[in-house]
Amino acid sequence: MIIQTEEFVRNELGEDATGHDWFHVDRVRRNALHICKEEKTGDPFIIEMAALLHDIPDEKLNESAEKGKQKLESFLQSVSLTDADKIHIMQIIESISYKGGRNTILETVEAKIVQDADRLDAIGAIGIARAFAYGGKKGQPIYNPNINVREEMGLEEYRKGKSTSIHHFYEKLLKLKDLLNTETAKKMAESRHKTMVLFLDQFYQEWDGQES
């Protein structure tokens, strides 16, 4: 079933250019299983399935949120899972997205682990690369100092409001370290967070033409 799921996800996301490609999914899967092992908690099968499928219904990658949800449900109906497992996997995927920083209560340890794994891949050197890949695909500028950082955002503003790739660090990425659920993920996030801070320092030095 894992192999069948891998093939489905590769077919759906393999050529994605926004940072939500197969390699992102595989990193999230591996991080999630590592956290599960280190924390000694959670069902590794449910965690792996949810990690593999977590971007399938993402509205950014589908015509609409409803079309994405239908795609996920259709796949889950095609594999030999119990109804309880299908519901659990769907609940995990529906609850872990950032969506402007809204606080969604995660009901299971599996959801906490998959969310941590997904958020770890949004920070650090990989996170920097993904931020600019997504911003470019979305048509955002790299940086514009005349645009203000958005502090409070509803989902519509988060998805469609005016921003830049550099602003995305302040609107989301730099916040993620303090929003992680597990001690393992928090430790993994430390060096990744520092990498982003150092990158931004260097970016502004070069932007202002003052690097030493």
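Heads up: the structure comes first, above all this text.
Residues numbered from 1 in each chain as written. Predicted model: local features only at pLDDT ≥ 70, side-chain atom pairs only at ≥ 80, totals over all residues. Heavy atoms only, no water.

Participant: Any chance you could explain the packing of aromatic side chains here in plain terms?
Facilitator: How two aromatic rings sit relative to each other is set out by the distance from centre to centre and by the angle between their planes. All chains considered together, the criterion is met by ten aromatic pairs. Measuring from ring centre to ring centre gives 4.3 Å for Phe8 and Phe75, while their planes differ by 10°; the resulting arrangement is stacked. With Phe8 in helix H1 (residues 2–13) and Phe75 in helix H4 (residues 65–78), this residue pair connects regions lying 67 residues apart in the sequence. Given the relative accessible area of 17%, Phe8 is considered buried. For the pair Tyr143 and Tyr204, a centre-to-centre distance of 5.8 Å together with 70° between the ring planes defines the contact as edge-to-face. Taken together, the residues Tyr143 in the loop between helix H7 (124–138) and helix H8 (155–160) and Tyr204 in helix H10 (residues 183–207) connect sequence positions 61 residues apart. Look at Tyr143 and you get buried, because its relative accessible area is 19%. Among the aromatic side chains, those forming a connected cluster through ring pairs are Phe132, Tyr143, Phe169, Phe199, Phe203, Tyr204 and Trp207. (Phe/Tyr/Trp six-rings, centres within 6.5 Å; stacked < 30°, edge-to-face > 60°. Helix = DSSP H or I, 4+ residues; strand = E, 2+ residues; numbered from the N terminus. Buried < 20%, exposed > 50% of the residue type's maximum accessible area, 1.4 Å probe, protein only.)

Participant: Explain the packing of helix H3 (residues 44–53) against helix H6 (residues 109–120) here, please?
Facilitator: When two helices pack together, their arrangement is given by the angle between the helix axes and by the axis-to-axis distance. Where H3 contacts H6, the two axes come as close as 10 Å, and the packing angle between them is 45°. Between H3 and H6, the interaxial angle falls into the category oblique. As for how H3 packs across H6, the hand of that crossing is right-handed. Here H3 contributes Ile46, Ile47, Ala50 and Ala51 to the contact with H6, which in turn contributes Glu110, Ile113 and Val114. For the contact of H3 with H6, the class distribution of residues is six nonpolar, no polar and one charged. (Axes fitted to C-alpha atoms, helices over the stretch in contact; angles between N-to-C directions. Parallel < 35°, antiparallel > 145°, perpendicular 65-115°, else oblique. Left-handed = near helix turned anticlockwise from the far one by under 90°. Contact = heavy atoms within 4.5 Å. Nonpolar A, V, L, I, M, F, W, Y, C, P; charged D, E, K, R; others polar.)

Participant: Quick question: what am I supposed to make of unusual backbone geometry here?
Facilitator: Glycine aside, residues mostly have negative phi, and peptide bonds are mostly found in the trans state. Phi is positive for Lys40, which is not a glycine, with a value near 55°. Tracing the backbone through its elements, the reader meets Lys40 in the loop between helix H2 (22–39) and H3. Judged by relative accessible area, Lys40 falls into the exposed class, the value being 73%.

Participant: Can you help me understand H2 in this one?
Facilitator: Residues separated by three or four positions in an α-helix point in the same direction, a consequence of the helix having 3.6 residues per turn. Along its 18 residues, H2 runs 26 Å from first to last C-alpha, staying within 8% of the 26 Å computed at 1.5 Å per residue. Within the sequence span of H2, burial applies to Trp22, His24, Val25, Asp26, Val28, Arg29, Asn31, Ala32, Ile35 and Cys36. Looking at the buried side of H2, the elements it contacts are H1, H3, H6, H7 and H10. Once H2 finishes, Lys40 follows within two positions and takes phi at roughly 55°, a positive value. (Expected span 1.5 Å × (residues − 1).)

Participant: Mind showing me how you'd approach the pattern of salt bridges here?
Facilitator: Oppositely charged side chains can pair when the atoms bearing their charge come close. Inspection of the entire model under this criterion finds twelve salt bridges. In this structure, Lys67 engages Glu63 in a salt bridge whose closest nitrogen and oxygen atoms are separated by 3.1 Å. When its relative accessible area of 72% is taken as the criterion, Glu63 is described as exposed. Lys177 is the salt-bridge partner of Asp178, the closest N and O atoms lying 3.4 Å from each other. Using a relative accessible area of 60% as the deciding quantity, one classes Asp178 as exposed. Among the charged side chains, a network of salt bridges with common partners joins Glu6, Asp26, Arg29, Arg30 and Glu48. (Salt bridge = Lys/Arg side-chain N within 4 Å of Asp/Glu carboxyl O.)

Participant: Which parts of the structure should I look at to understand the side chain of Glu48?
Facilitator: Its location among the elements puts Glu48 in helix H3. Of the residues examined, Glu48 reaches a relative accessible area of 16% and is grouped as buried.

Participant: Sorry if this is basic, but what is going on with the environment of Ile47 here?
Facilitator: Structurally, Ile47 is set in helix H3. For Ile47, a relative accessible area of 0% gives the class buried. Residues Ile47 and His168, spaced 121 residues apart in sequence, show a C-alpha to C-alpha distance of 28 Å. Ignoring any residue separated from it by four or fewer positions in sequence, one finds Ile47 in contact with Ala32, Leu33, Cys36, Thr41, Gly42, Glu110, Ile113 and Val114.

Participant: Is there a simple way to think about H6 in this case?
Facilitator: When the terminal C-alpha atoms of H6 are compared, their 17 Å separation across twelve residues agrees well with the 16 Å that a helix rising 1.5 Å per residue should span. Within H6, ten of the twelve residues are buried, which leaves the element mostly enclosed by the surrounding structure. Taken together, the buried positions of H6 are occupied by Glu110, Ala111, Ile113, Val114, Gln115, Asp116, Ala117, Asp118, Arg119 and Leu120. Of the surrounding secondary structure, the elements contacted by the buried residues of H6 are H2, H3, helix H5 (83–95) and H10.

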